[in-house]
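# Report on the structure
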Amino acid sequence: MNLYERIREFLRDVRWIISISEKPSSKEFNLVVKFLVFLAFAAGVIQFIFYIANVYMVEYLSGSSASSFALSQSQEAVAVVSSLVVIFAILIYIVVKLG
């Protein structure tokens, strides 16, 4: 089975799940959206904290001021993927609610 067929089957399954699910009440929707926004905020705060910690660790370990405050490739990848997962989760939930 190639990738295209797997994606088609996945989208078919997602449409089926959405079609049989019941729509949440407005109170439940607002609560979940607030939680997802909080989750996005918390992910941003954690990324910022780890970035600052990385800057100070580089300065401490090298003994001098770090000239570049760039993250390593793996740190950037984890930060981007975690942000995208949270953002897509929020968008998917809102689309399902409004759809």
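Residues numbered from 1 in each chain as written. Predicted model: local features only at pLDDT ≥ 70, side-chain atom pairs only at ≥ 80, totals over all residues. Heavy atoms only, no water.

## With respect to the overall build of the protein chain
Regarding its fold elements, the protein chain presents 3 helices and 0 strands. When the helices and strands of the protein chain are read in sequence order from the N terminus, they spell out α-α-α. A burial count over the protein chain gives 12% of its 99 residues as buried. As displayed, the protein chain has an accessible area near 8,300 Å², and 71% of this comes from carbon and sulfur atoms. (Helix = DSSP H or I, 4+ residues; strand = E, 2+ residues; numbered from the N terminus. Buried < 20%, exposed > 50% of the residue type's maximum accessible area, 1.4 Å probe, protein only. Areas by Shrake-Rupley, 256 points an atom, 1.4 Å probe, with all protein chains shown as cover.)

## A look at helix α1 (residues 3–20)
For α1, built from 18 residues, the straight-helix expectation of 26 Å at 1.5 Å per residue is met to within 8% by its first-to-last C-alpha distance of 26 Å. Looking at where α1 begins, the residue whose side-chain oxygen comes 3.4 Å from the main-chain nitrogen of Y4 is N2. (Expected span 1.5 Å × (residues − 1). Polar contact = N/O pair within 3.5 Å; in protein donor to acceptor, adjacent residues only side chain to side chain.)

## Considering the confidence of the model for the protein chain
In this model, the protein chain carries a mean pLDDT of 77, and residues with pLDDT of at least 70 account for 88%. Confidence, read as mean pLDDT per element, is least for helix α3 (residues 73–98) in the protein chain (77) and greatest for α1 (84). (pLDDT = per-residue confidence, 0-100.)

## Let's talk about helix α2 (residues 26–62)
The end-to-end C-alpha separation of α2 is 54 Å, in line with the 54 Å expected for 37 residues at 1.5 Å each. Of the residues making up α2, those classed as buried are F29, V33, L36, A43, N54 and V55. At the exit of α2 stands G63, carrying a positive phi of roughly 85 degrees.

## Details of the pattern of salt bridges
Taken as a whole, this structure holds 1 salt bridge when the rule is applied. Among the ionic pairs, D13 bridges to R12, the shortest N-O distance being 3.1 Å. (Salt bridge = Lys/Arg side-chain N within 4 Å of Asp/Glu carboxyl O.)

## Concerning a nonpolar patch on the surface
Nonpolar side chains collect at one region of the surface, where F35, F38, L39, F41, V45, F48 and I49 lie side by side and expose about 720 Å² of accessible area between them. With respect to the secondary-structure elements, L39 resides in helix α2. (Patch = residues over 30% accessible without salt bridge, like charges linked within 9 Å, V, L, I, M, F, W, Y side chains within 5 Å.)

## A word on the environment of S25
Inspection of the secondary structure assignment puts S25 in the loop between α1 and α2. The class of S25 is partly exposed, set by a relative accessible area of 42%. Between the C-alpha atoms of S25 and K97, which are 72 residues apart in sequence, the distance is 9.3 Å.

## Quick notes on the environment of V96
Residue placement: V96 occurs in helix α3. A C-alpha to C-alpha distance of 8.2 Å links V96 and K23, two positions 73 residues apart in sequence. Residue contacts for V96: discarding those within four places in its chain leaves I18 and K23. (Contact = heavy atoms within 4.5 Å.)

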